[in-house]
Amino acid sequence: MATGRTHRPATRSRGIPEATVARLPLYLRALTALSERSVPTVSSEELAVAAGVNSAKLRKDFSYLGSYGTRGVGYDVEYLVYQISRELGLTQDWPVVIVGIGNLGAALANYGGFASRGFRVAALIDADPEMAGKPVAGIPVQHTDELERIISDNGVSIGVIATPAGGAQQVCERLVAAGVTSILNFAPTVLTVPDGVDVRKVDLSIELQILAFHEQRKAGEEAAAAQAGTPPPVRSTAESRKGPDGEVPAVMPA
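Residues numbered from 1 in each chain as written. Predicted model: local features only at pLDDT ≥ 70, side-chain atom pairs only at ≥ 80, totals over all residues. Heavy atoms only, no water.

Novice: Hey, could you run me through the packing of aromatic side chains in this one?
Specialist: Each aromatic ring pair is described using two quantities: the centre-to-centre distance and the angle formed by the ring planes. All told, the structure shown has three aromatic pairs when counted by the stated rule. Centre to centre, the rings of Y27 and F62 are 5.1 Å apart; their planes meet at 75°, and the pair counts as edge-to-face. A residue pair is termed long-range when its members are at least 10 positions apart, and Y27 in helix α1 (residues 18-36) and F62 in helix α3 (residues 55-63) qualify at 35 residues. Judged on exposure class, the residue Y27 and its partner F62 are both buried. Ring centres of Y111 and F114 lie 5.0 Å apart, and the angle between their planes is 90°; this geometry places the pair in the edge-to-face category. (Phe/Tyr/Trp six-rings, centres within 6.5 Å; stacked < 30°, edge-to-face > 60°. Helix = DSSP H or I, 4+ residues; strand = E, 2+ residues; numbered from the N terminus. Buried < 20%, exposed > 50% of the residue type's maximum accessible area, 1.4 Å probe, protein only.)

Novice: Help me understand the pattern of salt bridges, please; the structure alone is not making it clear to me.
Specialist: For side chains bearing opposite charge, pairing can occur when the charged atoms are close. If you walk through the whole model with that rule in mind, you get eight salt bridges. Of the charged contacts in the structure, one is a salt bridge between D93 and R120, with a shortest N-O distance of 3.2 Å. Taken together, the residues span a long stretch of sequence, with D93 in the loop between α4 (77-87) and β3 (94-99) and R120 in strand β4 (residues 119-126) at a distance of 27 residues. The exposure class assigned to R120 is partly exposed, which follows from its relative accessible area of 34%. Residue D153 pairs with R149 through a salt bridge whose shortest N-O separation is 3.0 Å. You can see D153 and its partner R149 sitting in helix α7 (residues 147-154), four residues apart, about one turn around the helix. Under the relative-accessibility criterion, R149 is labelled partly exposed at 39%. Because the salt bridges share partners, they merge into one network encompassing E146, R149 and D153. (Salt bridge = Lys/Arg side-chain N within 4 Å of Asp/Glu carboxyl O.)

Novice: Explain the sheet that holds strand β7 (residues 158-161) here, please?
Specialist: Consider a sheet: its strands pair through backbone hydrogen bonds, and that pairing is either parallel or antiparallel. On the basis of which strands lie adjacent, the open sheet formed by seven strands has the order β5-β6-β4-β3-β7-β8-β9 and mixed pairing. Edge positions in the sheet fall to β5 (135-136) and β9 (198-201), since each has one partner strand and no second. Direction of pairing for β5 relative to strand β6 (residues 139-143): antiparallel, over a ladder of two bridges. Bridge pairing links P135 to P140 in β6. Against the sheet, α7 contacts β3, β4 and β6, and its axis sits at roughly 165° relative to β4. Across the sheet, helix α8 (residues 165-177) is in contact with β3, β7 and β8 (182-185); its angle to β7 comes to roughly 170°. (Pairing = 2+ DSSP bridges. Contact = heavy atoms within 4.5 Å. Axes fitted to C-alpha atoms, helices over the stretch in contact; angles between N-to-C directions.)

Novice: Teacher, can you tell me more about the pairing of β8 here?
Specialist: Every second residue of β8 is oriented toward a common face, with S182 and L184 on one face and I183 and N185 on the other, all of them buried. In the sheet, β7 pairs with β8 via four bridges, with the strands oriented parallel. Note that in β8 the partner of I161 across the bridge is N185. In this region the chain leaves β7, passes through α8 and returns to the parallel neighbour β8; the handedness of that crossover is right-handed. Pairing of β8 with β9 involves four bridges; the strand directions are parallel. Residue N185 lies in a different strand from β9, and its bridge partner there is K201. (Right-handed = clockwise from strand over helix to strand, strands pointing away.)

Novice: For this particular structure, what's the right way to read α1?
Specialist: Spacing of three or four residues puts side chains on the same side of an α-helix, whose turn is 3.6 residues. Between the first and last C-alpha of α1 there are 28 Å, a value that for 19 residues agrees with the 27 Å anticipated at 1.5 Å per step. Of all bends in α1, the biggest is about 25°, found at L24, and the proline P25 comes one to four residues later. Among the residues of α1, T20, V21, R23, L24, L26, Y27, L28, A30, L31 and L34 are the ones counted as buried. Looking one or two places after α1, you find S38, whose phi comes out positive at around 60°. (Expected span 1.5 Å × (residues − 1). Bend = angle between axes of the 7 residues up to and from the residue.)

Novice: How should the layout of surface pockets be read in this particular structure?
Specialist: The rolling of a water-molecule-sized probe over the atoms marks out the regions of remaining empty space. Each pocket or cavity is described by its volume, and for the second largest pocket that value is around 160 Å³. In terms of lining, the second largest pocket is formed by V99, G100, I125, D126, A127, T144, T163, P164, G167, Q170, V171 and R174. Every element with two or more residues in the lining of the second largest pocket is listed here: β4 and α8. For the lining of the second largest pocket, the class distribution of residues is five nonpolar, five polar and two charged. (1 Å grid on protein atoms, 1.4 Å probe; cavity = no way out; pocket = protein on both sides within 12 Å on 5 of 7 lines; lining within 4 Å. Points joined across faces, edges and corners; volume = space filled by probe spheres on them. Nonpolar A, V, L, I, M, F, W, Y, C, P; charged D, E, K, R; others polar.)

Encoded structure:
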């Protein structure tokens with residue numbers, strides 16, 4: 001089976017916009033649910049609703065994949081699952097290391113969705129000597145002294161950082177020096193990386209602050225509507241997902 005070190009997905013060379021790439025996992029999640037229910041075809045409107053986007057944007061996104069569907073029939077569910085999985089690089093095995101096995105790191109290690117989506121947790125790594133050898137999700141934790149060897153032995157190109165903020169940059173630098181070129185960062189800090197290294201940041205506190213903003217705005221609208229004697233506006237699911245930069249993509253499939 002191929003590993004992440006020997007092949008990289010072709011989305012950038014094909015000129016697919018980053019915003020489209022960010023929505024592909026949403027389409028894949030919706031399509032996988034349809035496939036599990038043995039639904040053979042789906043219209044752009046139905047799939048757009050399931051993915052939380054508008055149908056015109058969905059059709060534009062799929063045009064980058066060379067898939068326009070069949071008029072009056074819709075999209076072939078299984079074929080689209082394959083197409084999107086291929087574009088995202090999920091038709092091969094991607095070994096991943098998780099660094100920082102505290103509460104969050106342990107929760108990530110126990111997340112059952114990695115394997116079903118093309119990712120294999122190759123190693124769990126922590127700086128605490130007392131954690132060494134302890135199994136988490138059936139995988140023994142290894143000390144950070146072994147980080148470079150583990151990355152080399154497993155051909156790892158994707159690293160997950162779940163350490164406290166103070167140690168995240170040092171861990172990042174070691175990962176990059178060892179050959180990791182993509183990092184998913186859960187530490188509450190901004191990482192500095194060289195060109196050619198991709199970082200995706202997941203900050204739960206920021207997401208909660210965004211939700212607090214929307215709650216405050218809704219409360220203000222409801223108060224104004226009550227004062228004026230008119231019903232408050234009703235938002236669609238797609239509208240509720242929008243932020244100042246457009247639609248907010250899911251950071252991890254459910």
